[in-house]
Amino acid sequence: MESTIPHLREILIFLTAAGILVPLFQKFRISPVLGFLIAGLLLGPHGLGKIAQIWQPAGAFVITGTEGVHVLGELGIVFLLFMIGLELSFERLNQMRRLVFGLGLSQVALSALAIGLVAFLAGNRPIVAIVLGLGFALSSTAIVMQLLAEHRRMGSSVGRVSFAILLFQDLSVVLLLFIVGLVGPDLPHNLSFSLAATMGKSLVYAIGSVVLIVLMGRVALRPLLKLAGKSRDHNSELFIAATLLAVFAIAAGSEASGLSMGLGAFLAGLLLAETEYRHDIETVIRPFRGMLLGLFFMSVGMDVDLAVLLTYPVLIPAALLGLFALKAAVIYPLARFFGMARGRAIELGLLLGQAGEFALVVINMATANRMIAPDAAQFMLILTSLSMMVTPLVANFAYGIRQALDGADLSPYGPAAHQIDSIDGHVILAGYGRMGSLLRDVLARQYIPVVAIDTKYDYTHDSKTPVLLGDATEAATMERAGLRRAIAVAVIMDKAEDAKKVVSLVRRMAPGLPIVARARDNDHAAALYRLGATVTIPDVVEGSLHVAQELMMRLGIPEDLARHTVDQQRAVEGHIIESMRPRDAQRPDINAD
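Keep in mind that this is a model prediction, so the values were computed, not measured.

Helix and strand counts for the protein stand at 25 helices and six strands. Buried residues in the protein amount to 50% of all 593 residues. Restricting to contacts in the protein with at least 6 residues of sequence separation, those with at least 24 account for 74%. A total of about 27200 Å² of accessible surface is found on the protein, and carbon and sulfur atoms cover 64% of it.

So, in structure tokens, the structure goes:
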């Protein structure tokens, strides 16, 4: 008898895989991403699903049709893009413009050109070659971001640059989907139809739609979240409902405008990142994203038909190797131009060498528009799915190459002080002590190296801590600490006047470098802002907020409500401190290394 809940059997099979198969794979040190992909291959219509064609009862334990799985899996992409937007803000996007719009744009354009040329030489029409070039130029945001998170490498140079490139790729999906949607099977073989005019019209419409969505979102979201925020004190379910409403409403509005739901979800994340409820929203959404992304990875595995591999035993492996090699060959020189070391540039190229989830969408749309023949489409779907499946293995291989060329990773607590000259992509701590030790431990969790500067330090207690003895207010000391190779500076000195001198010095020596400074109070924070600090955190504010949270919890107030109340006050204090920033304060560029 059919269930009254749509796709209930698929959901049960997925939960079984998530609860039994994937943990079993992890015991053999197989990553969850690869585990879900293998589970999809085994439980899908091209794996054990073939047994159901012979023995019907087996159909209760496998998935013979992937339509329901794909529908649910697409929600995983929506939540992934929403979380990416939530972790950003328009200000941070502006700070990353060099990598996003420099390296990201170059990668997409050159990769699309190279892959499109290969597709054209293989006998495809020019417009089809362009579509395929753009589709395969994009990498898998879901898989790459998950792999980096699993290995705690989001803060590494490869992690930061990968994030920037993937972010531009997600933005470029708008134009790609418009081209495929507007160009049908009746397009002439030559381009006298004026492809440029079509793309220009699509771009103008897309920009107008995005601007309209952002404006409407800003008008509607704040009142909604304020209402939900007040209700959260009494009913957290209403806050969760309001958050999901915001995500799906903006995503649906984006789809209704002819854009993708994923782009709408990304815009929703950007808008909600500007509110004081950002951290609460992240806590609410993260479990949904993890489960639905797992379902997406399973759906990719289900698309792999091993029978097609037997049909093209040489061509498919050759195309797979060619895809990774071609994209790596494009990304490597670009990464080197933007300052990455050889090993890291190779790792970046191979890590982003696969085709992504949007290639699957483009291929399906192009097939529906009769731009691509069904047989060719199946070949490209298999190539895309396989490239995503082998990415965890390729990533491990690339990481080994990186270690061989650039040296092994720094230990979580960095090298000894005499090895400072060999460190790059690090954070400089101006001042050390207990706060510096705590910052070092936190950054070590993401394998972000640090170099500390202090006037007094006893190496006999911790010889591995990279502390440079010297005065951080002197330019020579900053040079020795590798300021020009650093990715940020944290000013955590006890003396207020010395902190001002360091901020002023760093801003003169490295105009684009982010500076996060500890301040004594709001007046000190305002002074540091005027000297060029990117962010300031007054001790009195954070200390008072922590005391307030602990006090409320001791009075019997639930921990989540106490944290929420403190976060609201933290947002108020943040707006006060932000208002002290001079309007013409510099916005830093975030460099690759």
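With that settled, the discussion passes to the pattern of salt bridges. If you walk through the whole model with that rule in mind, you get five salt bridges. Here Arg402 ties to Glu347 by a salt bridge, and the two come within 3.6 Å at their closest N and O atoms. Here Arg402, found in helix α19 (residues 391-406), pairs with Glu347, found in helix α16 (residues 342-351); they are 55 residues apart in sequence, far enough to count as distant. Note on accessibility: Arg402 and Glu347 belong to one class, buried. The salt bridge partner of Asp539 is Arg518, with a shortest N-O separation of 2.8 Å. Taken together, the positions of Asp539 in helix α24 (residues 539-554) and Arg518 in strand β5 (residues 515-519) put the pair 21 residues apart, joining distant regions of the chain. Judged by its relative accessible area of 29%, Asp539 is partly exposed. Each of Asp494, Arg518 and Asp539 takes part in a single network of salt bridges with overlapping partners.

Mapped onto the elements of the fold, Ser385 is located in helix α18 (residues 374-389). Ignoring any residue separated from it by four or fewer positions in sequence, one finds Ser385 in contact with Val300, Asp303, Val304 and Leu360.

Time to look at the nonpolar core. Within the largest apolar cluster, 122 residues are counted, with the highest numbers of intra-cluster contacts made by Phe82, Phe136, Leu272, Ile281, Phe297, Leu348 and Ile372. In terms of residues, this core owes the most to one element, helix α13 (residues 278-302), which gives 11 residues. Leave out the neighbours within four places in its chain, and Ile281 touches Phe82, Leu86, Leu225, Phe239, Thr243, Leu272 and Thr275. Leu468, Met509, Leu513 and Ala519 belong to the second largest nonpolar core, which has 28 residues in total.

Okay, helix α7 (residues 126-137) next. Because each turn of an α-helix spans 3.6 residues, side chains separated by three or four positions end up pointing in the same direction. Taking 1.5 Å of rise per residue, the 12 residues of α7 would be expected to cover 16 Å, and the 16 Å separating its terminal C-alpha atoms lies within 8% of that figure. Buried within α7 we find Ile127, Val128, Ala129, Val131, Leu132, Gly133, Leu134, Gly135, Phe136 and Ala137.

This part covers the packing of aromatic side chains. Counted by the stated rule, this structure contains three aromatic pairs. Plain terms: the ring middles of Phe101 and Phe168 are 6.2 Å apart, the flat faces sit at 85 degrees to each other, and that makes the pair edge-to-face. Residue Phe101 is found in helix α6 (residues 97-121), and its partner Phe168 is found in helix α9 (residues 157-182); the two are separated by 67 residues along the sequence. Taken together, a centroid distance of 5.4 Å and an interplanar angle of 80 degrees make the contact between Tyr312 and Phe379 edge-to-face. Of the two residues, Tyr312 sits in the loop between α14 (306-311) and α15 (315-337) while Phe379 sits in helix α18, which places them 67 residues apart along the sequence. Given a relative accessible area of 31%, Tyr312 falls into the partly exposed group. Among the residues examined, Phe379 registers a relative accessible area of 16% and is labelled buried.

The subject of this paragraph is the sheet that holds strand β3 (residues 467-469). Sheet architecture is open: six strands sit in the order β3-β2-β1-β4-β5-β6, paired in parallel fashion. At either end of the open sheet lies a strand with only one pairing partner, and these are β3 and β6 (535-538). Averaged over all pairs of adjacent strands, the angle between strand axes in this sheet comes to 20 degrees, irrespective of strand direction. Along the sheet, α24 makes contact with β5 and β6, crossing β6 at roughly 55 degrees.

Turning next to the pairing of strand β2 (residues 450-454). Burial of β2 is extensive: five of the five residues sit out of reach of the surface. The alternating pattern of β2 places Val450, Ala452 and Asp454 and Val451 and Ile453 on opposite faces, both of which are buried. Where β2 and β3 come together, three bridges link them in parallel fashion. What sits directly across from Asp454, in β3, is Leu469.

Let's shift gears to helix α2 (residues 32-43). Taking 1.5 Å per residue, 12 residues should reach 16 Å; α2 reaches 16 Å between its end C-alpha atoms and fits that length. Every buried residue of α2 is listed here: Val33, Leu34, Gly35, Phe36, Leu37, Ala39, Gly40, Leu41 and Leu43.

This part covers the confidence of the model for the protein. Looking at the protein as a whole, the pLDDT averages 76, with 76% of positions reaching at least 70. Summarising per-element confidence for the protein, the mean pLDDT is lowest in helix α5 (residues 90-95) (65) and highest in α15 (93). Per-residue pLDDT stays below 50 along residues 411-417; that stretch engages in 20 contacts with residues further than four places along the chain or on separate chains. Confidence drops under a pLDDT of 50 for residues 585-593, and excluding neighbours within four residues, the segment shows 41 contacts in the predicted structure.

Here we come to the packing of α15 against α16. It is at 7 Å that the axes of α15 and α16 come closest, and there the two elements cross at 140 degrees. If you check the angle between α15 and α16, you find them oblique. For α15 against α16, the interelement crossing comes out right-handed. Together, Phe324, Ala328, Ile331, Tyr332, Ala335 and Arg336 of α15 and Arg342, Ala345, Ile346, Leu348, Gly349 and Leu350 of α16 make up the contact between the two elements. Residues belonging to the contact of α15 with α16 are distributed by class as follows: nine nonpolar, one polar and two charged.

Time to look at the pairing of strand β1 (residues 427-430). Of the two faces of β1, the one carrying Val427 and Leu429 and the one carrying Ile428 and Ala430 are both buried. With four bridges connecting them, β1 and β2 associate as parallel partners. When the sheet's bridge partners are listed, Ala430 is paired in β2 with Ile453. Relative to strand β4 (residues 488-491), β1 runs parallel, the two sharing four bridges. Residue Ile428 lies in a different strand from β4, and its bridge partner there is Val489.

All right, on to the environment of Ser162 then. Relative to the assigned elements, Ser162 resides in helix α9. Judged by its relative accessible area of 0%, Ser162 is buried. As a C-alpha pair, Ser162 and Leu148 span 14 residues in sequence and 9.2 Å in three-dimensional space. Setting aside its immediate chain neighbours within four residues, Ser162 contacts Val144, Leu148, Leu348, Leu351 and Leu352. Polar contacts involving the side chain of Ser162 include one to the main-chain carbonyl oxygen of Val158, which spans 2.7 Å.

Thresholds applied
Residues numbered from 1 in each chain as written. Predicted model: local features only at pLDDT ≥ 70, side-chain atom pairs only at ≥ 80, totals over all residues. Heavy atoms only, no water. Helix = DSSP H or I, 4+ residues; strand = E, 2+ residues; numbered from the N terminus. Buried < 20%, exposed > 50% of the residue type's maximum accessible area, 1.4 Å probe, protein only. Contact = heavy atoms within 4.5 Å. Areas by Shrake-Rupley, 256 points an atom, 1.4 Å probe, with all protein chains shown as cover. Salt bridge = Lys/Arg side-chain N within 4 Å of Asp/Glu carboxyl O. Core = buried A, V, L, I, M, F, W, Y, C linked by side-chain atoms within 4.5 Å. Expected span 1.5 Å × (residues − 1). Phe/Tyr/Trp six-rings, centres within 6.5 Å; stacked < 30°, edge-to-face > 60°. Pairing = 2+ DSSP bridges. Axes fitted to C-alpha atoms, helices over the stretch in contact; angles between N-to-C directions. pLDDT = per-residue confidence, 0-100. Parallel < 35°, antiparallel > 145°, perpendicular 65-115°, else oblique. Left-handed = near helix turned anticlockwise from the far one by under 90°. Nonpolar A, V, L, I, M, F, W, Y, C, P; charged D, E, K, R; others polar. Polar contact = N/O pair within 3.5 Å; in protein donor to acceptor, adjacent residues only side chain to side chain.

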